[in-house]
Amino acid sequence: MKLDSKIFVAGHNGLVGTAIKKALLSKGYQNLVLKTRSELDLSSTIKVEEFFQKEKPEYVFLAAAKVGGIIANNTYRADFIYENLMIQNNIIYSAYKNGVKKLLFLGSSCIYPKNAPQPIKEEYLLTDTLEYTNEPYAIAKIAGLKMCEAFNLQYGCNFISVMPTNLYGENDNFDLNTSHVLPALIRKFYEGKLNKSNSVEVWGSGNPRREFLHSSDMAQACIYIMENINFNDLINNSKEIRNTHINIGYGSDVSIKELATLIKNIVGFDGEIIYDKSKPDGTYQKLLDTSKLNSLGWKPKITLEKGVKEVFEWYINQKK
Ligand code: GFB
């Protein structure tokens, strides 16, 4: 990727897209193509095809997706599978038709079986049943990574799929019904502090474990892979080429109880934490094995404590 290469960041206003855009600009990449939702409907096959024919991007970061937390995934099951399949089908197919040099497809660690051994290696994909709450989203993401792999194998494309662990950062969704746990807890403890509440409610048992990676680290990993890794680096000598995707994680996890305590202390809430067991726990643990990524030469930098402090400051500044 050269500094004047034409780069399309699909989803540049989302959590990861914002971070990728920021990191690209700070590294000196200037020729970015960015389209808001009202300028380009990514679920429209015709509009996406017209856009690729006109703009002819050389590199694509596919960070556009319908995303949300455990309840949103479980409630809007149809929207999660339909919208994600449409967006990724349109972009991946147009990228192939229009000779994109390299595309990076962003998936999720929820593609792996619910009870996968920990830490989760890339080859555990499709070895067992998925977690129910996010099965439609996971199926869409599995389809996306398989589509990239298939286009590489049949047509010689250079489309790489990365599977991040749970992400957090600036520009996240803080809506309590649809957000992920980390932004939800920042907001709940902050509002609890402002309202001098006696307690704050945390969903589920607090026992599930999650691995969290800051969106800036995720952006750095995506750019590193775009700059340095090709599909050919990811295939083995086997006749059956599969599991060429790359896990992107932090390397260790915490329980939801530990996360809640950390956020409670950073925010400065001194009431009680109450666990609402009527809400789903979801998968018990999804800690990624990141040895493939590490051997390719990349490691994260931002600790959970530092990251949460930064996001909390960002959140308060938005309120001012
Ligand atoms: O972040 P989260 O919604 O996503 O939930 P998943 C993680 C854990 O935190 C679950 C608990 O055990 C929740 O029950 N939790 C506690 C809360 N309090 C809260 C809260 O106030 N809000 C939320 N949202 N959770 C999603 C998938 O699963 O992870 C997606 O549904 C995607 O498909 C994403 O893969 C990364 O980790 O359970």
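These figures come from a predicted structure and were not determined experimentally.

1. Topic: helix α5 (residues 135-155)
- Compared with an ideal rise of 1.5 Å per residue, which puts 21 residues at 30 Å, α5 spans 29 Å between its outermost C-alpha atoms and is within 8% of the ideal.
- At the C-terminal side of α5, G156 shows a positive phi close to 70°.

2. A word on unusual backbone geometry
- Going from Q118 to P119, the amide bond is cis rather than trans, its omega being -10°.
- Unusually for a residue other than glycine, N171 sits at a positive phi of about 70°.
- Looking at the element boundaries, N171 is found in the loop between β6 (166-168) and α6 (181-194).
- Exposure remark for N171: the relative accessible area of 33% places this residue in the partly exposed category.

3. Remarks on the sheet that holds strand β4 (residues 102-106)
- Spatial strand order, β2-β1-β3-β4-β5-β10: 6 strands in an open sheet with parallel pairing. In the strand order of this sheet, the two ends are held by β2 (32-33) and β10 (246-248), each with one partner.
- Bridge count for strand β3 (residues 59-62) against β4 is 4 bridges, and the pairing is parallel. Each residue of the ladder has a partner; that of Y59, found in β4, is K102.
- The strands touched by helix α7 (residues 215-228) are β3, β4, β5 (159-164) and β10; relative to β4, the strand with the most contacts, the crossing angle is about 150°.

4. Some remarks on the UniProt feature "active site" (unreviewed entry) in the chain
- The UniProt entry lists Y137 under the feature "active site" (unreviewed entry), expressed in the numbering used here.
- Of note, Y137 is situated in helix α5.
- If near-sequence neighbours (up to four positions away) are discounted, Y137 is found in contact with K66, V67, N73, F80, N84, G107, S108 and C110.

5. Concerning the environment of R242
- Position of R242 among the secondary structure elements: in the loop between α7 and β10.
- By relative accessible area, R242 is classed as partly exposed at 48%.
- Every residue in contact with R242, bar those within four places of it in the chain, is listed here: K146 and E149.
- A distance of 3.4 Å separates a polar atom in the side chain of R242 from a polar atom in the side chain of E240.

6. Notes on the packing of helix α2 (residues 45-55) against helix α4 (residues 77-97)
- The contact between α2 and α4 brings their axes to 9 Å, and the two run at 30°. Here the hand of the crossing between α2 and α4 comes out right-handed. Across the interface between the two elements, T45, V48, E49 and F52 from α2 touch M86, N90, I91, S94, A95 and K97 from α4.
- Counted by class, the contact of α2 with α4 contains 5 nonpolar, 3 polar and 2 charged residues.

7. Re the site of the ligand
- Around the ligand sit 22 residues in total, of which I70, K188, R210, P280 and D281 are the nearest.
- N73 places a side-chain nitrogen or oxygen 3.1 Å from an oxygen atom of the ligand.
- Within the side chain of N166, an N or O atom sits 2.9 Å from an oxygen atom of the ligand.
- For the ligand, whose free accessible area comes to 710 Å², the fraction covered by protein is 97%.
- Secondary-structure elements contributing two or more residues to the shell around the ligand are α3 (70-75), α6 and β7 (199-203).
- In terms of residue count, the dominant contributor to the shell around the ligand is α6 (3 residues).

8. Here's the deal with the packing of aromatic side chains
- For the structure on display, the rule yields 14 aromatic pairs.
- With 4.6 Å between their ring centres and 55° between their planes, F8 and F51 make a pair best called tilted. Highlighted residues: F8 in strand β1 (residues 7-10) and F51 in helix α2, separated in sequence by 43 residues. Taken individually, F8 and F51 each receive the classification buried, so the pair is uniform in this respect.

9. Details of the pairing of β7
- Burial along β7 is one-sided: V200 and V202 are buried, and none of S199, E201 and W203, which face the opposite way, are.
- As paired elements, β7 and strand β12 (residues 272-276) share 5 bridges and run parallel to each other. What sits directly across from S199, in β12, is E272.

Conventions used here
Residues numbered from 1 in each chain as written. Predicted model: local features only at pLDDT ≥ 70, side-chain atom pairs only at ≥ 80, totals over all residues. Heavy atoms only, no water. Helix = DSSP H or I, 4+ residues; strand = E, 2+ residues; numbered from the N terminus. Expected span 1.5 Å × (residues − 1). Buried < 20%, exposed > 50% of the residue type's maximum accessible area, 1.4 Å probe, protein only. Pairing = 2+ DSSP bridges. Contact = heavy atoms within 4.5 Å. Axes fitted to C-alpha atoms, helices over the stretch in contact; angles between N-to-C directions. UniProt positions renumbered as here; feature names shortened; annotations may be inferred. Polar contact = N/O pair within 3.5 Å; in protein donor to acceptor, adjacent residues only side chain to side chain. Left-handed = near helix turned anticlockwise from the far one by under 90°. Nonpolar A, V, L, I, M, F, W, Y, C, P; charged D, E, K, R; others polar. Near = heavy atom within 4 Å. Areas by Shrake-Rupley, 256 points an atom, 1.4 Å probe, with all protein chains shown as cover. Phe/Tyr/Trp six-rings, centres within 6.5 Å; stacked < 30°, edge-to-face > 60°.

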